[in-house]
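# Overview (structure and organization)
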Amino acid sequence: MANDSKTWRCGKYELSFDRPRIMGVLNVTPDSFSDGGEHFDPDAAIEYGLAMLDAGADIIDVGGESTRPGFTPVNPDEEARRVLPVVRALAKEGAIVSIDTRHVAVAKAAVRCGASIVNDVTGFTDPKMVEFVATSTCGVIVMHAGEVAAPARTHATVQLDTSAAAFVAEKAREAAAEAAREAEKPARRRRGKLLGEPKTEAKLPGGVVQPSLPFGDPEPAPELTGEQKQETPAAEQATPAAEAAATPEPAPEPSDHLAAMMRRSARREEAYVPTSQLRRFTLPDSAPIMRRVMGFLSDQARALIHAGVSRDRICIDPGPGFGKTANEDIVIQRETAKMASLGYPLMCAVSRKRFVGAVSGVTEAAERDAATFGVCLGAIQAGANIVRVHDVTGFAQFLNGYWAVAKPQPRRAFVAVGSNLGHRCDNIRAARDMIAEIPLTCVSNCSRIYESEPAYETRQDAFANAVIEIKTELAPLVLLDELMKIEAELGRDRSKKAKVNGPRTIDLDLLWMDGETHGGKKLRLPHPLIGERDFVLVPLEDLMHDPARFFRYNGVEVKEPEDRVGHIVGELGRM
């Protein structure tokens, strides 16, 4: 299950998996398969990324190169031009940003701009990419992209001749071929590679062997020798003109390995037609498929660890849709528990993929969100930790509804309460009682009520302040909405005409929640200003030992008392 003990360290952030985490897809491309061009403008992309954070995304995955079947490779300079402004802006708002790239130059630039995760679609098969992440602190996503079944062999159409002459000719050809093999003594194959061929693996620091890309090409058919051509009956030899007339010329393969693999994958899907041949099972055998997928993911994770990447920075992704048929993708998804047992955080990245359309009967990619949610739920139940989706708003609602019923999970949180209009202490006590009525939430402790100097906007009356400790099973953004409803009911003016730090009947700030890190315009966790507010840190001393040390450990910069704002000047009583 997703509520396990795994953690994922990504730069200055650490993600826990007491609940599944949502990764929002942000394609800054003109040609992505389901939303190409919608966020190609950097300003539109930034706005959409912030909207996904406010809707419930924990991570934003920014990509500047489409890897759809038949895609055109993008120059790293162009890819960087697309993504870097977006990465920089989202990281500035406290977002955990993932850069979806296979180019080391783009990854380096994005991490410098604030990205915390490198999501490599080629699974860190480039030694330069491995060398870079080994010298950084970012999280890494190892993805499998490649065919998982041996390429089907093609057979020429043969017209049978049952005459004795044909039998004798066939025996003569076999004898001649055997004699030719003995004479030439070709190099024997060992484990699928010819002895004497140059090795393609690259060595990493420490002597680790880096595997080649998992993009297998079918072996070419051997050409007939001149002697064999002469012995072949004319009926079995096709002239070049006849071959050209019978077989259309295939489109040229792109030189890019990933593009070539994705083009072959698309042709496999298009060329498939049902036959009358009976099959014993509805799906292919899972064992050879999972050996290739899990073997690659395990090998690459170990190679990264040997190169210097700590284990708690590594996440794995089986790469649905990359070189795989619908049947193979379903087999892989059904084996999610096996992949989760490898011990790394596991990504479920099935959003709007072709196989989701195949099982749901939905042709248009953008209309596959409901089916995506169903596949994701199955993966979560089997142990997936991170779900990569296009429709963050819909999936966050889906997940919150499921998790509230299926997974009892009360978590500790702190809410700061302040008032400087009307009966200040009564306002704070009323807010406490209303917080206790929030669904799936209870008040477990309260600080005393203190009087403090006004902060930021000093020309106003002194404030009454307190901190309330709660336990809640709500998601952070859902809890924040409930707190905003309480503010409105108690008369808080949040209109544009009201001063941001001006007088108010009540002010409720969600300061911190156990296991939650969040960025965006709507909510930041931990609260970005908690370390400079004396009117928050002093009441917290009633609820925990040494709050300054506690929040410093959680990555918050805490100022010394004399450098803070809103200093406490007195005590007004108990809650």
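The model shown is predicted, which means the values in this text are computed figures rather than measured ones. (Residues numbered from 1 in each chain as written. Predicted model: local features only at pLDDT ≥ 70, side-chain atom pairs only at ≥ 80, totals over all residues. Heavy atoms only, no water.)

### Thoughts on the side chain of Thr101
Looking at the secondary structure, you find Thr101 in the loop between β5 (96–100) and α3 (104–112). Its relative accessible area of 2% is what places Thr101 among the buried residues. Residue contacts for Thr101: discarding those within four places in its chain leaves Glu79, Val106, Ala107, Asn119, Asp120, Val121 and Met129. (Helix = DSSP H or I, 4+ residues; strand = E, 2+ residues; numbered from the N terminus. Buried < 20%, exposed > 50% of the residue type's maximum accessible area, 1.4 Å probe, protein only. Contact = heavy atoms within 4.5 Å.)

### Focus: the sheet that holds strand β7 (residues 139–143)
The strands making up a sheet are joined through hydrogen bonds of the backbone, oriented either antiparallel or parallel. Taking strand neighbours across the sheet as the criterion, the eight strands line up as β12-β7-β6-β5-β4-β3-β14-β13 in an open arrangement whose pairing is parallel. For this open sheet the edge positions go to β12 (314–317) and β13 (347–348), each flanked by a neighbour on one side alone. Sheet strands in contact with helix α9 (residues 286–307) are β7 and β12, and its direction is about 150 degrees off that of β7. Packing against the sheet, helix α13 (residues 369–382) makes contact with β13 and β14 (386–389), and its axis sits at approximately 170 degrees to β14. (Pairing = 2+ DSSP bridges. Axes fitted to C-alpha atoms, helices over the stretch in contact; angles between N-to-C directions.)

### A closer look at the environment of Phe373
Along the chain, Phe373 turns up in helix α13. When its relative accessible area of 10% is taken as the criterion, Phe373 is described as buried. Between the alpha carbons of Phe373 and Ala396 there is a distance of 10.0 Å; along the sequence they are 23 residues apart. Each residue touching Phe373, except ones within four places of it in the same chain, is listed here: Asp391, Gly394, Phe395 and Phe398.

### A few points about the pattern of salt bridges
Applying the stated criterion to the full structure yields 34 salt bridges. Residues Asp61 and Arg388 are paired through a salt bridge, measuring 2.9 Å at the closest nitrogen-oxygen approach. Here Asp61 is found in strand β4 (residues 59–63), whereas its partner Arg388 is found in strand β14, with 327 residues between them in sequence. In this pair, the class of Asp61 matches that of Arg388, namely buried. Linking Arg494 and Glu487 is a salt bridge whose minimum nitrogen-to-oxygen distance equals 2.6 Å. A relative accessible area of 48% means that Arg494 is categorised as partly exposed. Judged by relative accessible area, Glu487 falls into the buried class, the value being 1%. Salt bridges sharing common partners tie together Asp18, Arg19, Arg21, Asp58, Arg411 and Glu516. (Salt bridge = Lys/Arg side-chain N within 4 Å of Asp/Glu carboxyl O.)

### What to know about helix α2 (residues 76–92)
With 17 residues, α2 should cover 24 Å at 1.5 Å per step; its first-to-last C-alpha distance of 23 Å lies within 8% of that length. Its axis deflected by about 35 degrees at Val83, α2 carries its strongest bend there, up to four residues before the proline Pro85. For α2, the complete set of buried residues consists of Glu79, Ala80, Arg82, Val83, Leu84, Val86, Val87, Leu90 and Ala91. Its buried side turned inward, α2 meets β3 (21–27), α1 (42–55), β4, β5 and α3. The first or second residue beyond α2 is Gly94, which carries a positive phi of 85 degrees. (Expected span 1.5 Å × (residues − 1). Bend = angle between axes of the 7 residues up to and from the residue.)

### Structural notes on helix α16 (residues 476–489)
Relative to the 20 Å expected for 14 residues at 1.5 Å per residue, α16 spans 20 Å between its end C-alpha atoms, a close match to the ideal helical length. Three or more residues of α16 are buried, namely Pro476, Leu477, Leu479, Leu480, Glu482, Leu483, Ile486 and Glu487. Here the buried face of α16 lies against α1, β15 (411–419), α15 (424–435), β16 (441–446), β18 (463–472) and β19 (507–513). Positioned one or two residues after α16, Gly491 has a phi angle of 95 degrees, which is positive.

### Let's talk about the confidence of the model for the protein chain
Averaged over every residue, the pLDDT of the protein chain is 84; the share at 70 or more is 77%. Ignoring residues within four places in sequence, the model shows residues 153–158, a span with pLDDT below 50, making one contact including any to other chains. Throughout residues 217–222 the model reports pLDDT below 50, and contacts reaching past four residues in sequence, or to other chains, amount to five contacts. (pLDDT = per-residue confidence, 0-100.)

### Thoughts on the packing of aromatic side chains
In this description, an aromatic ring pair is defined by two values, namely the gap between the centres and the angle between the planes. Counted under the stated rule, the structure contains seven aromatic pairs. Through pairs of rings, three or more aromatic residues link up here, namely Phe414, Trp512, Phe550 and Phe551. Taking the ring centre of Tyr344 as reference, the NZ or CZ of Arg311 above it sits at 4.1 Å. (Phe/Tyr/Trp six-rings, centres within 6.5 Å; stacked < 30°, edge-to-face > 60°. Lys NZ or Arg CZ within 6 Å of the ring centre and 35° of its normal.)

### Considering the side chain of Ser419
The residue Ser419 is located in strand β15 in this model. Polar side-chain contacts of Ser419 include one of 3.5 Å to the backbone oxygen of Leu421. Of the polar contacts made by the side chain of Ser419, one reaches the backbone oxygen of Thr505; its length is 2.6 Å. Discounting residues that sit within four places of it in the chain, Ser419 has contacts with Arg424, Asn427, Ile428, Ala462, Phe463, Ala464, Arg504, Thr505 and Ile506. (Polar contact = N/O pair within 3.5 Å; in protein donor to acceptor, adjacent residues only side chain to side chain.)

### Here we look at unusual backbone geometry
Note the cis peptide between Leu525 and Pro526, where omega equals -10 degrees. Here Pro526 shows up in the loop between β19 and α17 (534–540). In this model, Leu440 sits at a positive phi of 55 degrees, which is unusual for a non-glycine residue. Tracing the sequence through the fold places Leu440 in the loop between α15 and β16. Phi angles above zero are rare outside glycine, and Asp546 is one such case at about 55 degrees. Considering the arrangement of structural elements, one finds Asp546 in the loop between α17 and α18 (547–553). Given a relative accessible area of 34%, Asp546 falls into the partly exposed group.

### With respect to the packing of α15 against α16
Contact pair α15 / α16: the axes reach a minimum separation of 10 Å and the direction vectors enclose 140 degrees. Viewed along their axes, α15 and α16 adopt a mutual orientation that is oblique. Note that α15 runs across α16; the crossing there is right-handed. Residues Ala431, Met434 and Ile435 of α15 pack against Leu483, Ile486 and Glu489 of α16. For the contact of α15 with α16, the class distribution of residues is five nonpolar, no polar and one charged. (Parallel < 35°, antiparallel > 145°, perpendicular 65-115°, else oblique. Left-handed = near helix turned anticlockwise from the far one by under 90°. Nonpolar A, V, L, I, M, F, W, Y, C, P; charged D, E, K, R; others polar.)

### Observations concerning the pairing of strand β2 (residues 13–16)
Where strand β1 (residues 7–10) lies against β2, four bridges are found, and the strand directions are antiparallel. The residue bridging Cys10 from the neighbouring strand is Tyr13, located in β2. The hairpin turn running from β1 into β2, its antiparallel successor, is two residues long, and Gly11 in that turn takes a positive phi close to 65 degrees.

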